[in-house]
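# Architecture and fold: a report
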Amino acid sequence: AFGDSGNGYHASIMKYETGIWDLVGSGTFALPSNYAAAFDFDSNFVAYAAIEDMDYGATVMKFTGTSWALLGPVGFSGSYINDMSIIIDNNEVPIVAYEDFSNNHKAIARKFNGTNWDVICPAGISGSGTDRSSIYIDPSNTPYLCYMNENQKSTVKKLIGNNWVNVGMEGFSAGKIDYPSLSFDN
């Protein structure tokens, strides 16, 4: 997935098949985007892409087999966002996370309800400004968020009930970090 500045600032996704890289769908999403798409697949290998649209809002699209279709409204965040990530949970429900400019740059997560995107824990996940957030699902379907806190240190939180709680100490990295990621073993 990438932002294609040579193609009117549309995001594109390509797949490698039988020795060739080929565009997925018509090649670009139906609307321009500012940055590359984050993407994930459900258990049926249907692709979902989360993009920051040209108005800096959160938008998600789903590949229908021939083209990209909107999943909920364009710009559903209602404000500027940054560093969007997406994961499809074990129940085939898309969840996104991003830095929310309208909420003091806190990390926020939303879950698709079939029509719109519901906020998970409206107060926000991080205590203050965050950057580079990425959402993950563990094998038991618990959402985790890994991000760079306001001191540029690693923090991981998980959703318990309707609250995001620290996994270990907040800001646990010895030094400053950038672009954290997370994975789970069995």
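In short, a report on the structure. (Residues numbered from 1 in each chain as written. Predicted model: local features only at pLDDT ≥ 70, side-chain atom pairs only at ≥ 80, totals over all residues. Heavy atoms only, no water.)

### A short note on unusual backbone geometry
- In the Ramachandran plot, D83 falls in the positive-phi region, its phi being about 55° despite a non-glycine side chain.
- With respect to the helices and strands, the residue D83 is situated in strand β9 (residues 81-88).
- A positive phi angle is found at E92, which is not glycine, with a value near 70°.
- Structurally, the position occupied by E92 is in the loop between β9 and β10 (94-100).
- You can call E92 partly exposed: its relative accessible area is 28%. (Helix = DSSP H or I, 4+ residues; strand = E, 2+ residues; numbered from the N terminus. Buried < 20%, exposed > 50% of the residue type's maximum accessible area, 1.4 Å probe, protein only.)

### Some details on the pattern of salt bridges
- Within the structure shown, the criterion is met by one salt bridge.
- Residues K15 and E17 are paired through a salt bridge, measuring 3.6 Å at the closest nitrogen-oxygen approach.
- For E17, a relative accessible area of 44% puts it in the partly exposed group. (Salt bridge = Lys/Arg side-chain N within 4 Å of Asp/Glu carboxyl O.)

### Section: the pairing of strand β15 (residues 154-160)
- Of all seven residues that make up β15, five are buried, and the element is covered over most of its length.
- Where strand β14 (residues 143-148) and β15 come together, five bridges link them in antiparallel fashion. Bridge pairing in β15 places Y147 opposite T155.
- In this structure, the hairpin formed by β14 and β15 is closed by a connection of five residues, where Q152 is found at a positive phi of approximately 60°. (Pairing = 2+ DSSP bridges.)

### Some points on the packing of aromatic side chains
- In total, this model carries seven aromatic pairs according to the counting rule given.
- Residues F39 and F41 carry aromatic rings whose centres are separated by 5.7 Å and whose planes lie at 85° to one another, so their mutual orientation is edge-to-face.
- Taking relative accessible area as the criterion, F39 reaches 36% and is therefore assigned partly exposed.
- Among the residues examined, F41 registers a relative accessible area of 40% and is labelled partly exposed.
- Ring pairing ties together the aromatic residues F76, F112 and W117, which thus form one cluster. (Phe/Tyr/Trp six-rings, centres within 6.5 Å; stacked < 30°, edge-to-face > 60°.)

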